[in-house]
Amino acid sequence: NIRPVREIIEEAVWIRDHYPLSLIYMQDDIFGYNLPWLEEFARRWREEVRVPIHAQIRLELTRNTKRLDLFREAGLTGITLAIEHGDPWMRQYVLHRPMIEDLIDEGIQKLYDREFTLRTEQIYAVTLSDIQSDLTTLEMNVRLNPTMMWTSILAPYQGTEMGDLASALGVYRGNNDDLSETFFERSVLTQVAGGKLPFEDAVISLAKDPKDNPLLRMKAHLRGDLEADVFYGDETKPLVQIQYLDRDAGERYRDQTVMLQRLSYWLSKVHQGHELAAEFLNLPSSDWTWPRLGEMTGRHLDRLGLREQREGYVHELTAQYGSDHLPGWIRENPYYFAYMPAGAELAKVFEEARFTDEFDWRILGTHTRHHLFHYGLYLTKAGPSPIVTR
């Protein structure tokens, strides 16, 4: 949006001529913000480069349908955008994404109307979250049904507003040394018991206008490890008193968010997948096994009146796999692959991985993410549509 179109076109042509390309990803967070720039870009890209594009935008940019039409004209095949959370209060006051539900629903429908593939981006285990609020994020994506639901787990870097807020509320007590280099590992936060509930009404009542965020003016004074008084601004009387999750409850929540992150690529595609997630995550972590997930998914689909259909899902997956029966642990949960594009190909990848001692949920999530990139979001590989669609 800042660099001259001529420079970008020249670079893209050089790259295209020197490397085999299926797609170019424009990772500017607000690609196409400048409409005159986009008009020139769309024309020249279509005439001179002719390589499909995936781009990243904000939902607010969908308000102008001319922009979306120019995307199609240029050759965009897909869009990535961040929603961050399914709860409006959390979006507005914790994540600074004050997007109303209508903007989300209408904006994404406009993208679907133009046949873009779609990746939504969200964060689990943010400050003041709990498992119920995280499941709200999953429920929103079950409703929106994107090509890919991308999720990460918050890394509260000090020096960023998110990190400073977590530190101010006593939720993060580190100094960045305990943070992973990836966004898919266990949370380091000490969450507040009740999540947002101790703060929700107070923040709303103190907000001076829709853009004001009183939460940023709050400071927790710890009373031991598990309690704190929270003060607002320069006031000397605590606004609220909070408790933090104890060690066992905190570890339980960290376990749940890691498992939820691994499975969200799939759960967001499942009929009422948030309900299945809640049931599975409510089990003791020792019961989080691949066969147990398969059993629960079958019962879940039966409750939804899909018993006959799910038997058909397994039959079709077996046929696409190319054998008389599904091997090993794929047979223990065939529904996972039935909801995926080119699901039989993903099943073969996992069969080749040959988990021997213990099922590795991290590998499951990683392979699923890469598979969805190729067969769903970027369309760099061709394969059958998902056996199960909603």
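Every value quoted in this text rests on a predicted model; they were computed, and no experiment measured them.

## Observations regarding the overall build of the protein chain
- What the protein chain contains, in helices and strands, is 15 helices and eight strands.
- For the protein chain, whose C-alpha radius of gyration is 23 Å, the value lies close to the compact-globule estimate of 21 Å for 390 residues.
- Counting only C-alpha atoms, the protein chain reaches 65 × 55 × 40 Å along its principal axes.
- Intrachain contacts of the protein chain at a sequence separation of at least 6 include 70% that bridge at least 24 residues.

## Focus on the pattern of salt bridges
- A complete count under the given rule lists 30 salt bridges for this structure.
- The partner of Asp 105 in a salt bridge is Arg 143, with the nearest N and O atoms 2.4 Å apart. Placement of the pair is Asp 105 in helix α5 (residues 101-113) and Arg 143 in helix α6 (residues 131-144), with a sequence separation of 38 residues.
- The partner of Arg 362 in a salt bridge is Asp 360, with the nearest N and O atoms 3.7 Å apart.
- Using a relative accessible area of 41% as the deciding quantity, one classes Arg 362 as partly exposed.
- Here Asp 360 falls in the partly exposed class, since its relative accessible area comes to 23%.

## As for the nonpolar core
- Residues Leu 263, Trp 266 and Phe 337 are the most contacted members of the largest nonpolar core, which totals 56 residues.
- It is helix α9 (residues 247-267) that provides the largest number of residues to this core, a total of eight residues.
- Not counting residues within four places of it along the chain, the set of residues in contact with Leu 263 comprises Phe 280, Leu 293, Tyr 336, Trp 361 and Leu 364.
- In this structure, Ile 8, Phe 31, Ala 55 and Met 99 belong to the second largest nonpolar core, which totals 37 residues.

## With respect to the sheet that holds strand β8 (residues 240-243)
- Spatially, β6-β7-β8 is the arrangement adopted by the three strands of the open sheet, whose pairing is antiparallel. In this open sheet, the two strands that pair with only one neighbour each are β6 (218-222) and β8. Put simply, the sheet's adjacent strands are angled 30° from each other on average, direction ignored.
- Relative to strand β7 (residues 227-232), β6 runs antiparallel, the two being bridged by five bridges. Bridged to His 221 within β7 is Asp 229.
- The strands touched by helix α8 (residues 197-206) are β6, β7 and β8; relative to β8, the strand with the most contacts, the crossing angle is about 150°.

## Quick look at the packing of helix α12 (residues 307-321) against helix α14 (residues 343-353)
- Running from N to C, α12 and α14 point in directions that differ by 70°, and their axes come no closer than 9 Å. Between α12 and α14, the interaxial angle falls into the category roughly perpendicular. In this structure, α12 crosses over α14, and the sense of that crossing is right-handed. Judged by residue contacts, Leu 317, Gln 320 and Tyr 321 of α12 engage Gly 343, Ala 344, Ala 347, Lys 348 and Glu 351 from α14.
- For the contact of α12 with α14, a count of residues per class yields four nonpolar, two polar and two charged.

## With respect to a nonpolar patch on the surface
- On the surface, a cluster of nonpolar side chains totalling about 390 Å² of accessible area is made up of Trp 14, Ile 15, Tyr 19 and Leu 21.
- Within the fold, Trp 14 resides in helix α1 (residues 5-18).
- Residue Trp 14 is classed as partly exposed on the basis of its relative accessible area, which comes to 46%.

## Considering the pairing of β7
- Of all six residues in β7, five are buried; the element is thus mostly enclosed.
- With antiparallel pairing between neighbouring strands as the criterion, β6 and β7 make up a hairpin whose turn holds four residues, including Gly 224 at a positive phi of roughly 80°.
- Pairing of β7 with β8 involves four bridges; the strand directions are antiparallel. Each bridged residue has a counterpart across the sheet, and for Ala 228 the counterpart in β8 is Ile 242.

## Things to note about helix α3 (residues 65-74)
- If you check which residues of α3 are buried, you get Arg 67, Leu 68, Leu 70, Phe 71 and Ala 74. Within α3, the buried residues cover an arc of 160° as seen down the axis, which keeps them to one side.
- Against α2 (35-49), β2 (53-57), β3 (76-84) and α5 lie the buried residues of α3.
- The first or second residue beyond α3 is Gly 75, which carries a positive phi of 115°.

Definitions and limits used
Residues numbered from 1 in each chain as written. Predicted model: local features only at pLDDT ≥ 70, side-chain atom pairs only at ≥ 80, totals over all residues. Heavy atoms only, no water. Helix = DSSP H or I, 4+ residues; strand = E, 2+ residues; numbered from the N terminus. Rg over C-alpha atoms; globule rule 2.2 N^0.38 Å. Contact = heavy atoms within 4.5 Å. Salt bridge = Lys/Arg side-chain N within 4 Å of Asp/Glu carboxyl O. Buried < 20%, exposed > 50% of the residue type's maximum accessible area, 1.4 Å probe, protein only. Core = buried A, V, L, I, M, F, W, Y, C linked by side-chain atoms within 4.5 Å. Pairing = 2+ DSSP bridges. Axes fitted to C-alpha atoms, helices over the stretch in contact; angles between N-to-C directions. Parallel < 35°, antiparallel > 145°, perpendicular 65-115°, else oblique. Left-handed = near helix turned anticlockwise from the far one by under 90°. Nonpolar A, V, L, I, M, F, W, Y, C, P; charged D, E, K, R; others polar. Patch = residues over 30% accessible without salt bridge, like charges linked within 9 Å, V, L, I, M, F, W, Y side chains within 5 Å. Areas by Shrake-Rupley, 256 points an atom, 1.4 Å probe, with all protein chains shown as cover. Arc of directions from axis to C-beta.

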